[in-house]
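# Observations on chain architecture
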Amino acid sequence: MSESPTRLVTAVILVAAGSGQRLGYGMPKAAVPLGGEPILMHALRGIVASGAATQVCVALPPGDEPLRRLCDEFREELADGGPLLSVVDGGSTRADSVRAGIAALMDGIEAVLVHDAARALTPESVFHRVSEALAAGAAAVIPAVAVVDTVKTVAPTTGTDASFAPEILTGTAPREELRAVQTPQGFHLETLLKAHEAAQGLAPNESAAVTDDAMLVEMLGTPVHVVRGSTQSLKITTPLDLILAEGLLEGPLGARWVEG
Ligand code: C5P
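These notes cover the structure that comes with them. (Residues numbered from 1 in each chain as written. Predicted model: local features only at pLDDT ≥ 70, side-chain atom pairs only at ≥ 80, totals over all residues. Heavy atoms only, no water.)

### As for the overall build of the chain
Regarding its fold elements, the chain presents 8 helices and 12 strands. Relative to its length of 260 residues, the chain is compact, with a C-alpha radius of gyration of 19 Å against a globular reference of 18 Å. Its C-alpha atoms give the chain principal-axis dimensions of about 65 × 40 × 40 Å. In the chain, which comprises 260 residues, the share counted as buried stands at 45%. Pairs at least 24 apart in sequence give 75% of the contacts found in the chain among residues at least 6 apart. For the chain, the exposed area adds up to about 13,100 Å²; of that, 56% sits on carbon and sulfur atoms. (Helix = DSSP H or I, 4+ residues; strand = E, 2+ residues; numbered from the N terminus. Rg over C-alpha atoms; globule rule 2.2 N^0.38 Å. Buried < 20%, exposed > 50% of the residue type's maximum accessible area, 1.4 Å probe, protein only. Contact = heavy atoms within 4.5 Å. Areas by Shrake-Rupley, 256 points an atom, 1.4 Å probe, with all protein chains shown as cover.)

Rendered as C-alpha cells:
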C-alpha cells in the first residue's frame, strides 16, 4: 500500500465578515445562535477538530467587539498545541476578507483552506479530502456535491410577455455535469496569491461576479480539482437553513458529524 503524502503546513482563512442580512437576525451571521452557540463557534470547533490547520485566520466584521471577544475566549480554550488563532478585520467583499486573511498568514504556510463561517457544520472528512489532494500535488481543490434540481438559465422577459412572467428560459444545463460547490476550498499558497493578485486588475462588474476563490484560479487557467463534499456542509444563509442546521445538531445521532 502506498503511504499517504505528507500534509502541507496549512492555514485556514475563515471568512466571517458578512452581514447575514438574508437571515434577518439584525446581527452579523457569525454571531447568530445555533444550538445555543454562535455560528462562528461551531465553525471554529469544526476546523480545530479536523486537525487540518496550523493557523486559523478569522476575518470578522470590522469593529465587532463581541465576535472578537468570542475568538479571544476560544483561543484560551484551545489546548497547548492547537492552531495559532489570528483575527483580522474583513473587507467590503468576500474576496477582500480573504485578502485580509492572506495578509496575516504566518511564515512557513504552504497551503491555505478558505472556508465560509456560514458552513459551520462541515464534517472533518471534507477538510481531510481537500488537504489530502493538496498534499498529493493538486494546486487547487474544491469540495462539491451533485445537483438534485434541474438547473436552467434565464433572462429578463422583454415586451408584452413581461406582463405575465418576469423571466424567460434561455437554456438547460446538463445536470450530470453540474456540481454545487462548497468550502473549504484549498490552494497551494502561491496559487492563491497569484489568483488574488490577478483579481485586483478586474473591472468592478467582473469583481462583483466573483463568488469564490476557485473562480479566480480558473481565470488563471490553473486546473481546479474536485473532491466529494457533503450535504451536511450546508451554507447557512436563510431562516430555512438555520432550521436545517438546528435539526442536524439535534438529530438522532446527537452529533455534528452525521455524514462524511
Ligand atoms: O454573502 P456570502 O454568501 O458570499 O458569504 C459567504 C461567506 O463570506 C460568509 O461566511 C460571510 O461571512 C463571508 N463574507 C466575508 N466578508 C464579506 C462578505 C462575506 O467574510 N464582505
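The structure having been displayed, the exposition proceeds.
### Some details on the pattern of salt bridges
Following the criterion strictly, the structure yields 7 salt bridges and no others. With its nearest N and O atoms 2.9 Å apart, the salt bridge here joins aspartate 96 to arginine 99. One end of the pair, aspartate 96, and the other, arginine 99, are both in helix H3 (residues 94-103), 3 residues apart, so they sit about a helical turn from each other. Since its relative accessible area comes to 27%, aspartate 96 is described here as partly exposed. Three or more residues joined by partner-sharing salt bridges are found here, namely Glu37, Arg45 and Glu77. (Salt bridge = Lys/Arg side-chain N within 4 Å of Asp/Glu carboxyl O.)

### Observations concerning the site of the ligand
Within the structure, the ligand sits among 14 residues, and Val15, Ala17, Gly18, Ser97 and Lys235 are positioned closest to it. Here an oxygen atom of the ligand and a backbone polar atom of valine 15 are 2.8 Å apart. Between the ligand and glycine 18, the relevant distance is 2.9 Å, taken from an oxygen atom to a main-chain nitrogen or oxygen of the residue. Here the shell around the ligand is composed, by residue class, of 5 nonpolar, 5 polar and 4 charged. (Near = heavy atom within 4 Å. Polar contact = N/O pair within 3.5 Å; in protein donor to acceptor, adjacent residues only side chain to side chain. Nonpolar A, V, L, I, M, F, W, Y, C, P; charged D, E, K, R; others polar.)

### Concerning the state of the cysteines
Going through the model one piece at a time under the given rule, you end up with 0 disulfides. Its sulfur unpaired, cysteine 57 is 11 Å from the next cysteine sulfur, which belongs to cysteine 71. Residue cysteine 57 is classed as buried on the basis of its relative accessible area of 0%. (Disulfide = S-S within 2.5 Å.)

### What to know about the environment of glycine 63
Within the fold, glycine 63 resides in the loop between strand E4 (55-60) and helix H2 (65-77). Looking at glycine 63, the relative accessible area reads 58%, which means it is exposed. Separated by 27 residues in the primary sequence, glycine 63 and glycine 90 have C-alpha atoms spaced 9.7 Å apart.

### Description of the packing of helix H1 (residues 39-50) against helix H4 (residues 124-135)
As a packed pair, H1 and H4 sit with axes 9 Å apart at the nearest point and diverge in direction by 55 degrees. Judged by the angle between their axes, H1 and H4 are oblique. Considering only the axes of H1 and H4, their crossing is right-handed. Where H1 abuts H4, its residues Gly46, Ile47, Ala49 and Ser50 lie against Glu124, Phe127 and His128. When grouped by side-chain class, the residues that make up the contact of H1 with H4 number 3 nonpolar, 3 polar and 1 charged. (Axes fitted to C-alpha atoms, helices over the stretch in contact; angles between N-to-C directions. Parallel < 35°, antiparallel > 145°, perpendicular 65-115°, else oblique. Left-handed = near helix turned anticlockwise from the far one by under 90°.)

### Some points on H4
For H4, spanning 12 residues, the distance from its first C-alpha to its last is 16 Å, which sits close to the expected 16 Å at 1.5 Å a residue. Every buried residue belonging to H4 is among Val126, Phe127, Arg129, Val130, Ser131, Ala133, Leu134 and Ala135, and all of these are buried. Buried residues along H4 sit in contact with H1, strand E6 (111-116), strand E7 (140-146), strand E11 (185-188) and strand E12 (225-228). Backbone geometry just after H4 places glycine 137 at a positive phi near 125 degrees. (Expected span 1.5 Å × (residues − 1).)

### Regarding unusual backbone geometry
In this structure, proline 184 follows threonine 183 across a cis peptide bond, with omega equal to 10 degrees. Relative to the helices and strands, proline 184 resides in the loop between strand E10 (179-181) and E11.

### Side note on the side chain of aspartate 241
You can see aspartate 241 is positioned in helix H8 (residues 239-249). No salt bridge is formed by the buried aspartate 241, whose closest oppositely charged neighbour, lysine 29, lies at an N-O distance of 7.1 Å. With sequence-adjacent residues up to four places away left out, aspartate 241 is seen in contact with Leu234, Lys235 and Ile236. (Lys, Arg positive; Asp, Glu negative; His and termini not counted.)

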